[in-house]
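Report on the structure
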Amino acid sequence: MRQSRILVVDDSPSIRRLLSHNLGKKFKVLLAENAQGALDLLDQGQMPDLMIVDVAMPGMDGFSFVDRIRKDSTYNAVPLIMLTARDKSGDKEKGLKLGADDYLTKPFDIDELGERIDRLLA
Amino acid sequence: MESPIEKAVVLIVDDSATMRTLTSHVVERLGYKPLSVSNGDEAIGQVTAGRCDALLLDISMPGKSGMEVLRYIVENDYRLPVIMISGSGDIDQAVQCIKLGAYEYLTKPIDNSRLEITLKNALSESMLKQRVRLLTTAMEQSPVSVAITDIKGRIEYINPAFSRISGYSMDEVIGKKINILKSGEHSDAFYKNLWETVSRGEVWQGEFLNKKKNGELLWEQAVISPIKNNKHDISHFLALKEDITEKKKSREALAESEQRFRELSDLLPQPVFEANRDGYVTYFNRAGYSVFGYKQSDLRNGLDAMFMYVPGERAKVRKNMKGRLDGKRVENHEYIAQRKNGTTFPALVYYAPILKKDDFEGLRGIVLDITRRKQAEKTLLDNQKKYRNLFHAIPDPVIVADADTGAIVQWNRRALPFFGYKSVELSSMMVASLYPENIRDKPPAFFRKQGRKKRGSVETKILTKNGFLVDVAVSSAFFETAGQKRVLGIFRDISEQKKSEQLIRENIRLKNDFIANVSHELRSPLFSILGFTSTLLRDRDELDHETIGEFLGIIHEESRRLSSLIEDVLTISRIDSGKIAYKKNSIDPATIIDSACKSLKIRAEEKHVELFLDLYESDLLIYADPDALKQVAVNIIGNAIKFTPEGGKVSVTLSRNHDTMKLEVDDNGPGIPEKDIEKIFEKFYRVERPGEEIEGTGLGLPIVKEIILAHNGSVDVKSRNGFGSTFIVRFPLYRS
């Protein structure tokens, strides 16, 4: 069975590191430190099975990135989980409306993230 | 003609001159005045001229005979005693003469004593007859009813007036008793008294109610006198009566109207008085007595009308009275009236002269106590003054305008500086011109509630003379004064309030953003810490030593971030509550800034930003809290590094300028937009950059500003959007 590929887009190095370590046990983890980096990876032909995108990032933010992905027929079917540290009401609705499949607010349990990923990949 | 007997003129008519002379002598001697003529025609001439009282007429005369003269006198009703003188002594002739109407017939030679008696009797009788004739005429013509009765009351004579008044003819009453007129309205005692009075020989006077023949009653004023035929014996009674029914009726009517007047005037609550021409009060109505406190006896003893006024008013009263009598209008009827007990009250006194057939009889007047009116006037005046003071004391501008035309009619003191107009300008302005032009067409707020005549308050803008727009809340009220509709507006300047409302809204927004920011900034490191610690706990047996070290390093770094964030929040909350205490000392700023830059250098390198330091100015000393100065440096230089893109450059220069330490931090980042420069030192304010989210709490620069102000320093920013920023911090140098 092919190992599922997960793209993590987050500007925080420590979070990238945290997710790569924990998800790396089970999946192949691709890392991007901002939206532009993620788009570059996709352009290079890296096709993830699932994307985890942080909302608050310098440059293009998570919402714009999701919007763009969902409008691209190549990627619009890829499951997508949004992460945020913000607690603004409406953010979750905005994310889901733009096409995200799930939404998690920091801090969350790493195992919880794993369960969500499994559900989306099943 | 009537003369006393002694002066009586006796006309002697005789054709013999000797006889005329002799007879004239005799007549003169008897005390009469003789007048003689020689023939009948002359005699008739004297008679018709009325020059004689008796005639001695010779019968046989040439021409007109004595008989013819006698006949003429009798036929023409001259009523003169004529004594015929005859030479013949013919009896037939004598009889004929007497028959014709002669008084006496004497024959020649005339006996003197006989002539004397005859003349005397003839003249007396003639005079008596004449008197009776006159009296009878008087009786008959008199409007007074006359009746004569005998002593038993039987009527012997009534005059025509009696008949006219009573309705009885003479024939019906002669011989009847006078009591046929009795009406039965008087008591027996009344008549008894009457009869006793007249029977005693005294005159009775009084009023009767009698009855006419037709049964009608009539009032008669009567005088009944006894007539005596000698000193003692009463032979008749004479009753003179006047019909006073009408008089009595009008007297009653007068009494009635007088009573009505008294009762009416007694009903009046205001004193009414009358004074006679000498100035004494002759009448008071009930209120007159009670208000002034006088008694009827005071009026009887003489009460000068002037006592109704205080002494000081009396000259004015006299002047006004005189003017009133001269037909002038009295303008001021107001006086201070005085009561008997000396107390006073303000009063209006109106009076008019009492005239009887154009003669001034006195004055009649009415007194109106105006104490209450005066009090009300005073209260009104006091209130007006009070309201005027209040009006001007209102700290907000107040404008009063005519509700119909919108013309400004009144304003308080505060309105002048507020609107910037002078009183003369306001007085000719319309209220609409106090508003900006774009809302003048609509009914200005000032009038909006006027139609409903209600109070109201609206927020709007006004335009001052100098062209400033000011936010105001206008409270308006509608009222009427002296029939004029007015609307009053109180203008409250709410521009400060608006500003602070905006500030509060902004603060709330900033605080909400701050909370969101802080939670974000707290959550991110917390999430890392939690994630790595749980990873370590779970995987520690599988992880190599190096990875454990790496994870612990991350945990440490994130904890440090968390700590510094919490520090910032605590600092700003200390500043907010004013609890911060600086530990000031004389310090060398270069050392402090240098140490601050050590940690910043690492950050710059990570971000690939060049950090140039020029801190070599020596011998600088400032009086400051070293930690606070360090924070200033970290925040400003840290910001510069944060906002400068990769490959950018940040220079930090410390220098001295006269008595001032100058720290200059220069970067070539994106700069600060013009609109944000003023605000970057405000708490929680963060410059928005589209498509970018820069970490921060919005507290760095507010903390800087607070610290610098607490050290009597200053901070300036120069920035051109897109070409970098320069922050210049100045601290005063320390002087020992």
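Residues numbered from 1 in each chain as written. Chains lettered and ligands numbered in written order. Predicted model: local features only at pLDDT ≥ 70, side-chain atom pairs only at ≥ 80, totals over all residues. Heavy atoms only, no water.

**Observations concerning the overall build of chain B**
Which entries qualify depends on this criterion: Helix and strand definitions follow DSSP, with helices as H or I runs of at least four residues and strands as E runs of at least two, each counted in order from the N terminus. Note on classification: 1.4 Å probe, protein chains only; a residue is buried when its accessible area is under 20% of the maximum for its type, exposed when over 50%, partly exposed between these limits. Whether two residues are in contact is decided by their heavy atoms: any pair within 4.5 Å suffices. Accessible surface area values rest on a Shrake-Rupley calculation with a 1.4 Å probe, where residue burial reflects the displayed protein chains alone.
The secondary structure content of chain B amounts to 22 helices and 27 strands. Here chain B, with 736 residues, has 40% of them falling under the buried criterion. Put simply, 53% of the contacts in chain B that link residues at least 6 apart link residues at least 24 apart. When the accessible surface of chain B is summed, it comes to about 42200 Å², and 52% of that surface belongs to carbon and sulfur atoms.

**Quick notes on the confidence of the model for chain A**
In low-pLDDT regions, the fine details of the predicted coordinates are not to be read closely. Under the convention used in this document: The predictor attaches a confidence to each residue, and that confidence, scored 0 to 100, is pLDDT.
Residues at a pLDDT of 70 or more form 98% of chain A, whose mean pLDDT is 89. Across chain A, the element-wise mean pLDDT spans from 88 in helix H4 (residues 91–98) of chain A up to 95 in strand E1 (residues 5–9) of chain A.

**Looking at the sheet that holds strand E6 (residues 145–150) of chain B**
All names here are of chain B. Rules: DSSP-based pairing: two strands are paired if at least 2 bridges between them are found. Between N-to-C directions, angles span 0 to 180 degrees; the directions come from axes that are lines fitted to C-alpha atoms, helices contributing only their stretch in contact.
Spatially, 5 strands are ordered E7-E6-E10-E9-E8 in an open sheet, and the strand pairing comes out antiparallel. The open sheet terminates on both sides in strands that have one partner only, identified here as strand E7 (155–158) and strand E8 (204–211). Neighbour-to-neighbour, the strand axes of this sheet turn through a mean angle of 30°, independent of strand direction. Relative to strand E10 (residues 234–243), strand E9 (residues 217–228) runs antiparallel, the two sharing 9 bridges. Looking at the pairing, Glu220 lines up with Asp243 of E10.

**As for the sheet that holds strand E4 (residues 82–86) of chain B**
Residue and element names in this part refer to chain B. Reading across from one edge, E2-E1-E3-E4-E5 is the order of the 5 strands in this open sheet, with parallel pairing throughout. Single-partner strands in this sheet number two, and they are strand E2 (33–37) and strand E5 (104–107). Taken pair by pair, the neighbouring strands of this sheet meet at an average axis angle of 20°, ignoring direction. Here strand E1 (residues 9–13) pairs with E2 via 5 bridges, running parallel. What sits directly across from Val10, in E2, is Pro34.

**A closer look at the interface of chain B and chain A**
Applied cut-off: Summed over both partners, buried area is the accessible surface (1.4 Å probe) that two parts give up on being assembled. Salt bridges are identified by distance alone: a Lys or Arg side-chain nitrogen within 4 Å of an Asp or Glu carboxyl oxygen. Throughout this description, a polar contact denotes any pair of N or O atoms lying within 3.5 Å of each other; where both atoms belong to protein, one of them has to be capable of donating a hydrogen while the other can accept it, and for residues adjacent in sequence the pair is counted only when both atoms sit in side chains. Ten residue types, Ala, Val, Leu, Ile, Met, Phe, Trp, Tyr, Cys and Pro, are classed as nonpolar, four, Asp, Glu, Lys and Arg, as charged, and the remainder, Gly among them, as polar.
Counting residues at the interface gives 22 residues for chain B, matched by 21 residues for chain A. Taking both partners together, chain B and chain A bury about 1900 Å²; carbon and sulfur atoms supply 59% of that area. Taken together, the links from chain B to chain A amount to 3 salt bridges. Note that Arg17 of chain A and Glu550 of chain B form a salt bridge whose closest N and O atoms lie 2.5 Å from each other. Here chain B is connected to chain A by 9 residue pairs in polar contact (both at pLDDT 80 or more). Those elements that place two or more of their residues in the side of chain B that touches chain A are helix H17 (495–539) and helix H18 (545–577) of chain B. A per-element tally of the side of chain B that touches chain A places H17 of chain B first, with 13 residues. When grouped by side-chain class, the residues that make up the side of chain B that touches chain A number 7 nonpolar, 8 polar and 7 charged.

**As for unusual backbone geometry**
Of the consecutive residues Lys106 of chain A and Pro107 of chain A, the connecting peptide bond is found in the cis state with omega at -5°. Within the element layout of this structure, Pro107 of chain A appears in the loop between strand E5 (102–105) and helix H5 (110–121). The residue after Lys108 of chain B, namely Pro109 of chain B, is reached through a cis peptide bond having omega -10°. For Pro109 of chain B, the position within the fold is in the loop between E5 and helix H5 (112–141). Even without a glycine there, the phi angle at Lys357 of chain B is positive, about 50°. By the secondary structure assignment, Lys357 of chain B is in the loop between strand E14 (344–356) and strand E15 (359–369). By relative accessible area, which is 81% here, Lys357 of chain B ends up exposed. Despite not being glycine, Asp358 of chain B shows a phi value in the positive range, around 70°. Relative to the helices and strands, Asp358 of chain B resides in the loop between E14 and E15.

**Here's the deal with the packing of aromatic side chains**
Here the distance between the centres and the angle between the planes together describe a pair of aromatic rings. Residue and element names in this part refer to chain B. We count it as follows: Working definition: rings of Phe, Tyr and Trp (its six-membered ring) pair if their centres are within 6.5 Å, and the pair is stacked with planes under 30 degrees apart, edge-to-face with planes over 60 apart, and tilted otherwise. Both a distance and an angle decide whether a charge sits over a ring: NZ of Lys or CZ of Arg must be within 6 Å of the ring centre and within 35 degrees of the ring normal.
On inspection of all chains with the given rule, the structure shows 20 aromatic pairs over all chains. Ring centres of Phe418 and Phe419 lie 5.0 Å apart, and the angle between their planes is 90°; this geometry places the pair in the edge-to-face category. Judged by relative accessible area, Phe418 falls into the buried class, the value being 10%. Through a chain of ring-to-ring contacts, three or more aromatic side chains come together here, namely Phe284, Tyr289, Phe292, Tyr294 and Phe345. Above the face of the Trp219 ring, Lys248 is positioned so that its terminal group lies 3.9 Å from the ring centre.

**Observations concerning the pattern of salt bridges**
Residues and elements named next belong to chain B. In this structure the tally under the stated criterion is 46 salt bridges over all chains. The shortest N-O distance in the salt bridge between Glu425 and Lys465 comes to 2.8 Å. Residue Glu425 is found in helix H15 (residues 423–426), and its partner Lys465 is found in the loop between strand E18 (456–463) and strand E19 (469–481); the two are separated by 40 residues along the sequence. Judged by relative accessible area, Glu425 falls into the partly exposed class, the value being 24%. Here Arg509 makes a salt bridge to Glu506, at a shortest N to O gap of 3.4 Å.

**Digging into the side chain of Gln46 of chain B**
Residue and element names in this part refer to chain B. Position of Gln46 among the secondary structure elements: in helix H2 (residues 40–48). Its relative accessible area of 17% is what places Gln46 among the buried residues. Excluding residues within four positions of it along the chain, Gln46 makes contact with Leu11, Leu35, Val37 and Arg51.

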